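# Inside the fold
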Amino acid sequence: EAGVVQSPRYKIIEKKQPVAFWCNPISGHNTLYWYLQNLGQGPELLIRYENEEAVDDSQLPKDRFSAERLKGVDSTLKIQPAELGDSAVYLCASSLGPPGSGNTIYFGEGSWLTVV
Amino acid sequence: GQNIDQPTEMTATEGAIVQINCTYQTSGFNGLFWYQQHAGEAPTFLSYNVLDGLEEKGRFSSFLSRSKGYSYLLLKELQMKDSASYLCAVNSNYQLIWGAGTKLIIKP
């Protein structure tokens, strides 16, 4: 069974440019997460979807970040415009259901963003 | 506030045993996860504890004490491939709170 698939794997952009990341979760997983991870830190939640509904986006910087999950499957995360401080790994993850039910979260390999 | 503490870095010898501790202070508790993350890779699931006690899975075991807000991950018969970061995450009111991770260095 395929895992969580993300693309691109690596991206280098100049500041003020836009960037988009794509995620395909594990088949049948209703819950999808976008995390940000800096070196030596744990993942920080940006947004969580239950099917196509964003149920937790309190940590998403909405002035420059946006996300969507059309049809409750694939998702995209966009940054426009990018800033130097956005350089990080963007992890997509999915689970069968919400975290409260002890559902295991499976991560993609991440999209490494460098803003220069 | 919500807080999870883990040691930043630990060093152990190949073939030995190491215990990685995690203490937490959260507003709610619905379970605790341990994940392994090799450098440049995604975190992968190791264990999940929701009740007090020890859960054993091969060379890895995880322990939980809810009254003490404490968990540990025990790695036995260490191998070089166990060099990685180990992340503790608490499920608090249906949100996952992540620790910063413990970088484990294995020496021959």
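Let me sum up the structure you'll find in this document. (Residues numbered from 1 in each chain as written. Chains lettered and ligands numbered in written order. Predicted model: local features only at pLDDT ≥ 70, side-chain atom pairs only at ≥ 80, totals over all residues. Heavy atoms only, no water.)

### Quick look at the sheet that holds strand β1 (residues 5–7) of chain A
Through backbone hydrogen bonds, the strands of a sheet pair up, either in parallel or in antiparallel fashion. Residues and elements named next belong to chain A. Strands sit in the order β1-β3-β8-β7 across an open sheet of 4 strands; the sheet is antiparallel. On the outer flanks of this sheet lie β1 and β7 (65–68), each paired with one strand and no other. Here the strands of the sheet are splayed against their neighbours by 15° on average, with no regard to which way each runs. Bridge count for β7 against strand β8 (residues 75–79) is 4 bridges, and the pairing is antiparallel. The partner of Ala67 across the bridge, within β8, is Leu77. (Pairing = 2+ DSSP bridges. Helix = DSSP H or I, 4+ residues; strand = E, 2+ residues; numbered from the N terminus. Axes fitted to C-alpha atoms, helices over the stretch in contact; angles between N-to-C directions.)

### Quick look at the pattern of salt bridges
Evaluation of the coordinates by the stated rule reveals 8 salt bridges over all chains. A cluster of three or more residues bridged by salt bridges with shared partners is formed by Arg64, Glu83 and Asp86 of chain A. (Salt bridge = Lys/Arg side-chain N within 4 Å of Asp/Glu carboxyl O.)

### Overview of the state of the cysteines
Defined simply, a disulfide is a covalent bond joining two cysteines at their sulfur atoms. On inspection of all chains with the given rule, the structure shows 2 disulfides over all chains. Paired through a disulfide, Cys23 of chain A and Cys92 of chain A show a sulfur-sulfur distance of 1.9 Å. Here the S-S torsion is close to -70°, and the disulfide linking Cys23 of chain A with Cys92 of chain A is therefore left-handed. Separated by 69 residues along the polypeptide, Cys23 of chain A in strand β3 (residues 19–24) and Cys92 of chain A in strand β9 (residues 88–95) bring together distant segments of the chain. Cys92 of chain A matches Cys23 of chain A in its accessibility class, with the two residues each being buried. Between the sulfur atoms of Cys22 of chain B and its disulfide partner Cys88 of chain B the distance amounts to 2.0 Å. (Disulfide = S-S within 2.5 Å. Buried < 20%, exposed > 50% of the residue type's maximum accessible area, 1.4 Å probe, protein only.)

### Some remarks on the interface of chain B and chain A
With 17 residues of chain B at the interface, the matching set in chain A holds 20 residues. Summed over both partners, the interface of chain B with chain A comes to about 1,400 Å²; 57% of that surface belongs to carbon and sulfur atoms. Of all residues in chain B, Gly40, Tyr94 and Trp98 of chain B bury the most surface against chain A, accounting for 30% of the area lost on that side. Counting across the interface, chain B meets chain A through 0 salt bridges. For the pair chain B and chain A, the interface holds 5 residue pairs in polar contact (both at pLDDT 80 or more). Only β4 (32–37), β5 (44–49), β9 (84–92) and β10 (95–98) of chain B provide two or more residues apiece to the side of chain B that touches chain A. Residue classes in the side of chain B that touches chain A are distributed as 11 nonpolar, 6 polar and no charged. (Contact = heavy atoms within 4.5 Å. Buried area = accessible area lost by both parts, 1.4 Å probe. Polar contact = N/O pair within 3.5 Å; in protein donor to acceptor, adjacent residues only side chain to side chain. Nonpolar A, V, L, I, M, F, W, Y, C, P; charged D, E, K, R; others polar.)

### Some remarks on the pairing of β10 of chain B
Residue and element names in this part refer to chain B. Pairing geometry for β9 and β10, over 4 bridges, is antiparallel. Paired with Val90 across the strands is Ile97, a residue of β10. Hairpin connection between β9 and β10: a loop of 2 residues separates the two successive antiparallel strands, and Asn93 in this loop has a positive phi of roughly 50°.

### Considering unusual backbone geometry
Here the bond from Ser7 of chain A into Pro8 of chain A is cis, since omega is -10°, no more than 30 degrees from zero. Relative to the elements of secondary structure, Pro8 of chain A occurs in the loop between β1 and β2 (10–13). In the segment running from Gln80 of chain A into Pro81 of chain A, the intervening peptide bond is cis, with an omega of -5°. Positionally, Pro81 of chain A belongs in the loop between β8 and β9. Notably, Lys16 of chain A is not glycine yet its phi reads approximately 80°, a positive angle. Despite not being glycine, Glu77 of chain B has its phi angle at roughly 45°, a positive value. Among the structural elements, Glu77 of chain B can be located in the loop between β8 (70–75) and β9.

### Looking at the packing of aromatic side chains
Tallied over the full model, the rule gives 17 aromatic pairs over all chains. Relative to Trp98 of chain B, the ring of Tyr35 of chain B lies with its centre 5.3 Å away and its plane at 55°, an arrangement referred to as tilted. Taken together, the residues Tyr35 of chain B in strand β4 and Trp98 of chain B in strand β10 connect sequence positions 63 residues apart. Of the two residues, Tyr35 of chain B and Trp98 of chain B, both sit in the buried class. Through a chain of ring-to-ring contacts, the aromatic side chains of Tyr33, Tyr35 and Phe107 of chain A together with Phe33, Tyr35, Phe45, Tyr48 and Trp98 of chain B assemble into a single cluster. (Phe/Tyr/Trp six-rings, centres within 6.5 Å; stacked < 30°, edge-to-face > 60°.)

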